[in-house]
Amino acid sequence: MCSCWVVLAFCCLGLLCADQSLKPQIATPHLATNNPTLTTVALEKPFCMFDSSMYPNKSYAIYLYTMKESASAVSSLVTDDSSQPLDSTFQQTSGGQLGPYKAALFNVPSCASPPRLADVGDVNKVSDILKQYLFRVGDDGTCLYDPNFLAVCNPPLAPDTTYRFKYMLVDSTEGIMKDQTLWSDPIKTRRVKLPSKIDTWPGRRSGDMIVITSILSVLMFLLLARFLASASSAIMGSEDPSAETKHVSQTMQQSEPRPQLSSD
């Protein structure tokens, strides 16, 4: 009987892990350092997430939706009554405050031939691998202000703000949703540091220490300048040609024989 409970517990744990995997994940620090930033979040693309929902000879695409965590649960739907994905934009949702907006559209990542993470160490391949494996939300700083921009806009996120993300599998031919992930765990962008709180000195020196260090630096500079001026003056004095000429003329006068007076 005990063994049955153990098997049941492992099955429940497996289902729980599977459910947790079916949602966007923040990129591993090995591939995306400084993540999240003030205005971006790097996510792993949905490799092998939707294989069971895809059929041969069909065309599919991935939609990425973004919303602020403060948005109400009622407005977190990403499809209408006919299962068509919403085309809500960043402007229409006040940057995700009123509900989710479509932040990206890209091809379904190939589960059969995923990028080799071991190749990240190759400088010539790292950029291409990161583009295949990751998607950076908030990476387009110009689409909002370009009147000719017609693609899906992925504008910068707000600093110090918590967001959630969702992937959707869309049948490109029928234009309807075939599958979707859960909303991601809350992910918060970084906070802007005030200039007064930015530590620009090693050892976290206090204001008094900074003033004392500045004064000592100025005094050291003045002392060094005076020393260089004195040394320069001494060198110039030793090389004065007038002094050398005067010394030579006095030596010649002393060495010339004086005329002798006649006894007559």
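Since the model is a prediction, treat every value here as computed from it, not as a measurement.

Observations regarding the packing of aromatic side chains
For the structure shown, the criterion picks out six aromatic pairs. Plain terms: the ring middles of phenylalanine 106 and tyrosine 167 are 6.2 Å apart, the flat faces sit at 85 degrees to each other, and that makes the pair edge-to-face. Of this pair, phenylalanine 106 sits in strand E3 (residues 101–106) while tyrosine 167 sits in strand E5 (residues 162–171), placing them 61 residues apart in sequence. Across this residue pair, the class does not change: phenylalanine 106 and tyrosine 167 are buried. Ring pairing ties together the aromatic residues Phe106, Phe135 and Tyr167, which thus form one cluster. Across the ring face of phenylalanine 106, the terminal group of lysine 45 is positioned such that the distance to the ring centre comes to 4.9 Å. Positioned over the ring face of tyrosine 63 is lysine 102, at 4.3 Å from the centre of the ring.

Here we look at the side chain of serine 76
Along the chain, the position of serine 76 falls in the loop between strand E2 (60–68) and E3. Apart from the residues within four sequence positions on either side, serine 76 is in contact with Met67, Pro100 and Trp183.

Here we look at the pairing of E3
With respect to burial, E3 is a largely interior element, five of its six residues being buried. Pairing analysis gives five bridges linking E2 to E3, with the strands arranged antiparallel. Pairing of tyrosine 63 across the sheet is with leucine 105, part of E3.

Points about the state of the cysteines
With the rule as written, the count across this model stands at two disulfides. The disulfide bridge from cysteine 48 ends at cysteine 111, spanning 1.8 Å between sulfur atoms. An S-S torsion of about 95 degrees defines the bridge between cysteine 48 and cysteine 111 as right-handed. With cysteine 48 in the loop between strand E1 (41–44) and E2 and cysteine 111 in the loop between E3 and helix H2 (126–133), this residue pair connects regions lying 63 residues apart in the sequence. The disulfide that involves cysteine 143 links it to cysteine 153, with 1.9 Å between the sulfurs. Between cysteine 143 and cysteine 153 the sulfur-sulfur dihedral comes to about 65 degrees; the bridge is accordingly right-handed. In this pair, cysteine 143 is assigned in the loop between strand E4 (134–137) and E5 and cysteine 153 in the loop between E4 and E5, connecting sequence segments 10 residues apart. Look at cysteine 143 and you get buried, because its relative accessible area is 5%. Going through the chain in sequence order and numbering each bonded cysteine, the pairs you get are 1-2, 3-4.

Considering the nonpolar core
If you look at the biggest cluster of nonpolar residues, it comprises 20 residues, and the most contacted ones within it are Leu43, Leu64, Val137, Leu157, Phe165 and Tyr167. Of all elements in the fold, only E1, E2, E3, E4 and E5 reach the threshold of two or more residues within this core. Within the second largest apolar cluster, 10 residues are counted, among which are Val78, Met168, Val170 and Trp183.

Focus: the layout of surface pockets
In this structure, the largest pocket spans a volume of roughly 170 Å³. As for the largest pocket, its lining consists of 13 residues, of which Thr89, Gln91, Ala151, Val152 and Cys153 are closest to the centre. Class assignment of the residues belonging to the lining of the largest pocket gives a composition of seven nonpolar, three polar and three charged.

So, the pattern of salt bridges
This model, assessed by the stated rule, comprises eight salt bridges. Note that aspartate 160 and lysine 188 form a salt bridge whose closest N and O atoms lie 3.2 Å from each other. Separated by 28 residues along the polypeptide, aspartate 160 in the loop between E4 and E5 and lysine 188 in strand E7 (residues 187–188) bring together distant segments of the chain. When its relative accessible area of 33% is taken as the criterion, aspartate 160 is described as partly exposed. For lysine 188, a relative accessible area of 44% translates into the label partly exposed.

What counts, and where the lines are drawn
In this convention, every chain numbers its residues from 1, walking through the sequence in written order. Only residues with pLDDT of at least 70 get local features here, since the model is predicted, and only at 80 or more are side-chain atom pairs given and counted; chain-wide, interface and lining totals rely on the full set of residues. Derived side-chain values reflect all non-hydrogen atoms in the structure, with water molecules and hydrogen atoms excluded from consideration. For this analysis, a ring pair means two rings from Phe, Tyr or Trp (six-membered ring only for Trp) whose centres lie within 6.5 Å, classed as stacked if their planes differ by under 30 degrees, edge-to-face if by over 60, and tilted for the remaining angles. The numbering of helices and of strands both runs from the N terminus, where a helix is a DSSP run of H or I of at least 4 residues and a strand a run of E of at least 2. The classification of residues rests on relative accessible area computed with a 1.4 Å probe and restricted to protein chains. Under 20% of the type maximum is buried, over 50% is exposed, and intermediate values are partly exposed. Placement of a positive charge over a ring is assigned whenever Lys NZ or Arg CZ falls within 6 Å of the ring centre and within 35 degrees of the normal to the ring plane. What makes two residues a contact is simply this: any of their non-hydrogen atoms within 4.5 Å. DSSP-based pairing: two strands are paired if at least 2 bridges between them are found. We call a pair of cysteine sulfur atoms a disulfide when they lie within 2.5 Å. Put simply, buried Ala, Val, Leu, Ile, Met, Phe, Trp, Tyr and Cys residues joined by side-chain atoms within 4.5 Å make one nonpolar core. Only protein atoms enter the 1 Å grid used here. Points where a 1.4 Å probe fits but cannot escape make up a cavity, open sets with protein on both sides within 12 Å along at least five of seven lines make up a pocket, and a residue lines them when an atom lies within 4 Å of a point. Grid points are joined across faces, edges and corners, and a volume is the space filled by probe spheres set on the points. Just so you know the grouping, Ala, Val, Leu, Ile, Met, Phe, Trp, Tyr, Cys and Pro go in nonpolar, Asp, Glu, Lys and Arg go in charged, and all remaining residues, Gly too, go in polar. A pair is scored as a salt bridge if a Lys or Arg side-chain nitrogen falls within 4 Å of a carboxyl oxygen belonging to Asp or Glu.

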